[in-house]
Amino acid sequence: MADVLVCVKRVPDSSSEVVLTEDAQAVDGRYAGFTTSPHEECAVELAVQITAATGGEVSVLTLGDADAVEQLRSALAVGATAATLVETDASKLGPADVAREVAAVVRAHEAGGTPHELVLLGNDAADSGDFQVGIRLAYELGRPVVNGAKVVSVEGDTVTAHVDGPEGVETYRVPLPAVVTIREGGVEPRYPSVPGRMKAKKVAIEERTLSAEPTGPKRVRLTLPPPVPSNVQVLGEGAAAAPAVVDLFEELGVLAR
Amino acid sequence: MILTLVEKDLEGAAVDVSLEALTFARRLSAEGGGVPVDAVVVGEAGDELRKELAAYGVRTIYQVGGDGVAAYSGAGWASAILSVRKEANAVVVMAAGTDRGNELMAHLATRAGVAMAANVLSFDGLSPFTVTRQVVGGAALEEMVLDQRPAVFTVAGHAVEASPAEVPGAADVVPVAPEIAAADLVARVVSTEEPEADESGSLKSARVVVGAGRGAGGPDGFTDLLELTELLGAALGVSRVVTSAGWRPHHEQVGQTGSRISPELYIPCGISGAIQHWAGCSSAKTILAINTDPEAPMVTRATYAVIGDLHEVVPAINEEIKRRRG
Ligand SMILES: Cc1cc2nc3c(=O)[nH]c(=O)nc-3n(C[C@H](O)[C@H](O)[C@H](O)COP(=O)(O)OP(=O)(O)OC[C@H]3O[C@@H](n4cnc5c(N)ncnc54)[C@H](O)[C@@H]3O)c2cc1C
Ligand SMILES: Nc1ncnc2c1ncn2[C@@H]1O[C@H](COP(=O)(O)O)[C@@H](O)[C@H]1O
């Protein structure tokens, strides 16, 4: 049996135009909306699959403002059964702060009789992209960490993780308790069912505050890259453009053989 | 001294992005009054690699060996690199922004009690040391201060062009075998599955590359794209969405964490043109984008575009080529 904690972050949806907040310290998500990143959705899915196979529960944790409860509810709707919000302005935390706060929650839960043998995080947050919270957390907790896994399973006291490495798919076998960071692509996150959504609404969210004064990120400011001028020549639409395309191939001399 | 982690490919040569990182390191060195650039390599630094690193101005190659680093472990390798940094008193430790590079620098920074900046594009000043890095998937940039020592960061793939030094370095090899604590070897690779045949060489040198992204729709969506590739004697290059989902092998990936291509013609089909993809294809001479969305960055940045469903456009192009060839 393994109780799994998954760290999810409320991040601005960056698929449409990105707007910065006035103080240039964060992306203003009010226009585009907010979401959970694919890495973390896959982490939740893996946690649900692991606990389905071994018994145990999935808890989710976020550090964010009160609206971040939306991301917790999304995870509750697909199989998590407990959720914690550490209410804070996440843009004022550095990755070391986040790791320390997650560790504080893990320790508090353990003291309260709910140890999280496995903690899953995303490989990198979709907004700040620091690529390090999971690793820092492992050092905080004195646990081994596997980074960037796509597939994770638990058998007895051992977690097996598969990572796409530079020389092929790598296997790690690590004793619990452990930390694993997840990269999207190994599993397909499920859609919430209607009963799942109903159940999620009823779960009481544990609320906590920061355990220590944050040291903050080393950010000076965010900027937007300059727009790129467009000079594109549209050759046509749909299948009807094929002759123009092949004319272009002839012109460029890539058709000869 | 600036210590740069150099990663090797399966043949033992430096990977392109490590040479880019060394180029970045040399620029930093020039700005900083010529502090030496050293490299750290885990495993054998063979003759070819030594020649390569000499050409890139490396003074000393720390060659890390020993049982502790025989299999990959983030904590173990980082501990070894950190002992090199201590011995050599590096003020900067850096790597390419690969999966390994980011992971090892995160371990190393945590152990050293300093910050780590991932995916740096440029440095803006030395006092305080300020870098600009990619955040929000490249949609925004962050200026970050690295005022601790060592300054630890990774360089985003293809953010700088690799160029050899004007004055080559000595590239003297110093073998080291640091002691690694058992606790740092708990999470290590116990086995690696046979690698897929890597044909990224042909992708990098191809005259024409046909690109495929999420728009391909699934693992079965490549038939027409592969036929076009065949008809043009081209190579297939894909986006990370395609490799993450396992539709195509990783060595076909173009971009910041894939290959950098520079063909005469690139034909990205169903690829949005995210900044990380663009990093790998921006030196294509001509780009013909095929996309349903006229506003997609790949379309607006392309030389030519066809607006439409690739599953209609590509078969029509294939037919037209076959018709003209008779
Ligand atoms: C640190 C980091 C490193 C990264 N490295 C890389 C990298 O090396 N390479 C890389 O590619 N990405 C990389 N990415 C990911 C990158 O940010 C994008 O997510 C990715 O490139 C998007 O892939 P895509 O264009 O296939 O998918 P999408 O962005 O989803 O775009 C799909 C496109 O297909 C079009 N489309 C859909 N259906 C059709 C159809 N039937 N016919 C025609 N067009 C259609 C859509 O209009 C859209 O423009 C990296 C990201 C990060 C954070
Ligand atoms: N504010 C947060 N709340 C919950 N989890 C977080 C938060 N910030 C980061 N994480 C987790 O840490 C991972 C890596 O983040 P980062 O190191 O910032 O790129 C993310 O994918 C999340 O799983």
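Anyway, here's the lowdown on the structure attached to this text.

Thresholds applied
Residues numbered from 1 in each chain as written. Chains lettered and ligands numbered in written order. Predicted model: local features only at pLDDT ≥ 70, side-chain atom pairs only at ≥ 80, totals over all residues. Heavy atoms only, no water. Helix = DSSP H or I, 4+ residues; strand = E, 2+ residues; numbered from the N terminus. Rg over C-alpha atoms; globule rule 2.2 N^0.38 Å. Lys, Arg positive; Asp, Glu negative; His and termini not counted. Charge placed at Lys NZ, Arg CZ, Asp CG, Glu CD. Contact = heavy atoms within 4.5 Å. Salt bridge = Lys/Arg side-chain N within 4 Å of Asp/Glu carboxyl O. Nonpolar A, V, L, I, M, F, W, Y, C, P; charged D, E, K, R; others polar. Near = heavy atom within 4 Å. Polar contact = N/O pair within 3.5 Å; in protein donor to acceptor, adjacent residues only side chain to side chain. Areas by Shrake-Rupley, 256 points an atom, 1.4 Å probe, with all protein chains shown as cover. Buried < 20%, exposed > 50% of the residue type's maximum accessible area, 1.4 Å probe, protein only. 1 Å grid on protein atoms, 1.4 Å probe; cavity = no way out; pocket = protein on both sides within 12 Å on 5 of 7 lines; lining within 4 Å. Points joined across faces, edges and corners; volume = space filled by probe spheres on them. Axes fitted to C-alpha atoms, helices over the stretch in contact; angles between N-to-C directions. Parallel < 35°, antiparallel > 145°, perpendicular 65-115°, else oblique. Left-handed = near helix turned anticlockwise from the far one by under 90°. Pairing = 2+ DSSP bridges. Phe/Tyr/Trp six-rings, centres within 6.5 Å; stacked < 30°, edge-to-face > 60°. Lys NZ or Arg CZ within 6 Å of the ring centre and 35° of its normal.

Quick look at the overall build of chain B
Within chain B one finds 10 helices and 15 strands. Relative to the globule expectation of 20 Å for 326 residues, the C-alpha radius of gyration of chain B, 21 Å, shows essentially globular dimensions. Once the C-alpha set of chain B is aligned to its principal axes, its extents read approximately 70 × 40 × 35 Å. The averaged location of the 41 negative side-chain charges in chain B is 3 Å from the averaged location of its 25 positive side-chain charges.

As for the interface of chain B and chain A
Contact residues are listed per partner, giving 70 residues for chain B and 67 residues for chain A. Inspection of the region where chain B meets chain A yields eight salt bridges. In terms of residues, the side of chain B that touches chain A owes the most to one element, helix 4 (residues 99-112) of chain B, which gives nine residues. For the side of chain B that touches chain A, the per-class residue count stands at 38 nonpolar, 15 polar and 17 charged.

Here's the deal with the site of ligand 2
Residues and elements named next belong to chain A. Within the structure, ligand 2 sits among 19 residues, and Cys7, Glu40, Ala125, Gln132 and Val133 are positioned closest to it. The separation between an oxygen atom of ligand 2 and a polar main-chain atom of valine 133 is 2.8 Å. For ligand 2, whose free accessible area comes to 480 Å², the fraction covered by protein is 99%. Contributing elements (two or more residues each) for the shell around ligand 2: strand 4 (58-64) and strand 6 (118-122). In terms of residue count, strand 4 provides more of the shell around ligand 2 than any other element does, three residues in total. Tallied by class, residues from the shell around ligand 2 come to 10 nonpolar, five polar and four charged.

Observations concerning the side chain of histidine 39 of chain A
Residues and elements named next belong to chain A. By the secondary structure assignment, histidine 39 is in helix 1 (residues 38-54). Take histidine 39: its relative accessible area is 7%, and that puts it in the buried class. Setting aside its immediate chain neighbours within four residues, histidine 39 contacts Gly122, Asn123, Asp124, Ile182, Arg183 and Glu184.

Brief notes about empty space enclosed by the protein
The gaps left among the atoms become clear once a water-sized probe is rolled over them. What the rule picks out here adds up to one cavity of 30 Å³ or more. Quantified by volume, the largest cavity comes out at close to 80 Å³. Lining the largest cavity are 13 residues, and of these Asn147 and Val163 of chain A together with Asp99, Arg100 and Glu103 of chain B lie nearest its centre. Secondary structure elements with two or more residues in the lining of the largest cavity: strand 7 (145-155), strand 8 (158-165) and strand 9 (168-175) of chain A together with helix 4 of chain B. When its residues are assigned to classes, the lining of the largest cavity shows four nonpolar, three polar and six charged.

Focus: the packing of helix 6 (residues 242-252) of chain A against helix 10 (residues 310-325) of chain B
Direction vectors running N to C along helix 6 of chain A and helix 10 of chain B enclose 60°, while the axes themselves pass 9 Å from each other. The pairing of helix 6 of chain A with helix 10 of chain B is recorded here as oblique in orientation. The handedness of the crossing between helix 6 of chain A and helix 10 of chain B comes out as right-handed. Across the interface between the two elements, Ala242, Pro243, Val245, Val246, Asp247, Phe249 and Glu250 of chain A from helix 6 of chain A touch Ala316, Ile317, Glu320, Ile321 and Arg324 of chain B from helix 10 of chain B. The residue inventory of the contact of helix 6 of chain A with helix 10 of chain B, partitioned by class, reads eight nonpolar, no polar and four charged.

Some remarks on the pattern of salt bridges
Using the criterion set out here, one finds 30 salt bridges over all chains in the structure. When the shortest N-O distance is used, the salt bridge between glutamate 70 of chain A and arginine 10 of chain A registers 2.8 Å. With glutamate 70 of chain A in helix 2 (residues 69-77) and arginine 10 of chain A in the loop between strand 1 (4-7) and strand 2 (11-12), this pair connects stretches of sequence that are 60 residues apart. Residue class for arginine 10 of chain A comes out buried when judged on its relative accessible area of 15%. Among the ionic pairs, glutamate 45 of chain A bridges to arginine 190 of chain A, the shortest N-O distance being 2.8 Å. Here glutamate 45 of chain A, found in helix 1, pairs with arginine 190 of chain A, found in the loop between strand 10 (178-182) and helix 5 (194-202); they are 145 residues apart in sequence, far enough to count as distant. Salt bridges sharing partners connect three or more residues here, namely Asp247 and Glu250 of chain A together with Glu320, Arg323 and Arg324 of chain B.

Observations regarding the sheet that holds strand 7 (residues 140-145) of chain B
If you walk across this open sheet you meet the 10 strands as 12(A)-7(B)-6(B)-5(B)-8(B)-4(B)-1(B)-2(B)-3(B)-9(B), and the pairing is mixed. Every interior strand has two partners, whereas the edge strands, strand 12 (219-223) of chain A together with strand 9 (172-176) of chain B, have only one. On average, each strand axis in the sheet is tilted by 30° relative to the strand beside it, whichever way the strands run.

Description of the pairing of strand 14 (residues 286-291) of chain B
All names here are of chain B. Among the six residues of strand 14, six are classified as buried, and the element is accordingly described as predominantly covered. Of the two faces of strand 14, the one lined by Thr286, Leu288 and Ile290 and the one lined by Ile287, Ala289 and Asn291 are each fully buried. For strand 13 (residues 265-269) and strand 14, the ladder comprises three bridges, and the chain directions are parallel. Bridge pairing in strand 14 places cysteine 269 opposite isoleucine 290.

Thoughts on the site of ligand 1
Near ligand 1 lie 27 residues; those nearest to it are Arg214, Ser239, Thr257, Ser272 and Gln276 of chain B. Looking at what sits near ligand 1, you find residues from chains A and B. A distance of 2.5 Å separates an oxygen atom of ligand 1 from a polar atom in the side chain of serine 239 of chain B. For ligand 1, a nitrogen atom lies 2.9 Å from a polar atom in the side chain of aspartate 309 of chain B. Its residues assigned to classes, the shell around ligand 1 shows seven nonpolar, 16 polar and four charged.

Structural notes on the packing of aromatic side chains
All names here are of chain B. Evaluated as defined, the whole model comprises five aromatic pairs over all chains. A centroid spacing of 5.7 Å and a plane angle of 70° characterise the contact between phenylalanine 24 and phenylalanine 123, whose relative ring orientation is edge-to-face. Within this pair, whereas phenylalanine 24 is found in helix 1 (residues 16-31), its partner phenylalanine 123 is found in strand 5 (residues 116-126), the two being separated by 99 residues in sequence. For the pair formed by phenylalanine 24 and phenylalanine 123, the shared burial category is buried. Their ring planes at 75° and their centres at 4.8 Å tell us that tyrosine 72 and tryptophan 77 sit as a pair that is edge-to-face. Each member of the pair, tyrosine 72 together with tryptophan 77, is buried. Through a chain of ring-to-ring contacts, three or more aromatic side chains come together here, namely Phe24, Phe123, Phe129 and Phe153. Above the ring of tryptophan 77, the side-chain terminus of arginine 100 is found at 6.0 Å from the ring centroid. Seen from the ring of phenylalanine 222, arginine 248 lies directly overhead, with NZ or CZ sitting 5.6 Å from the centre.

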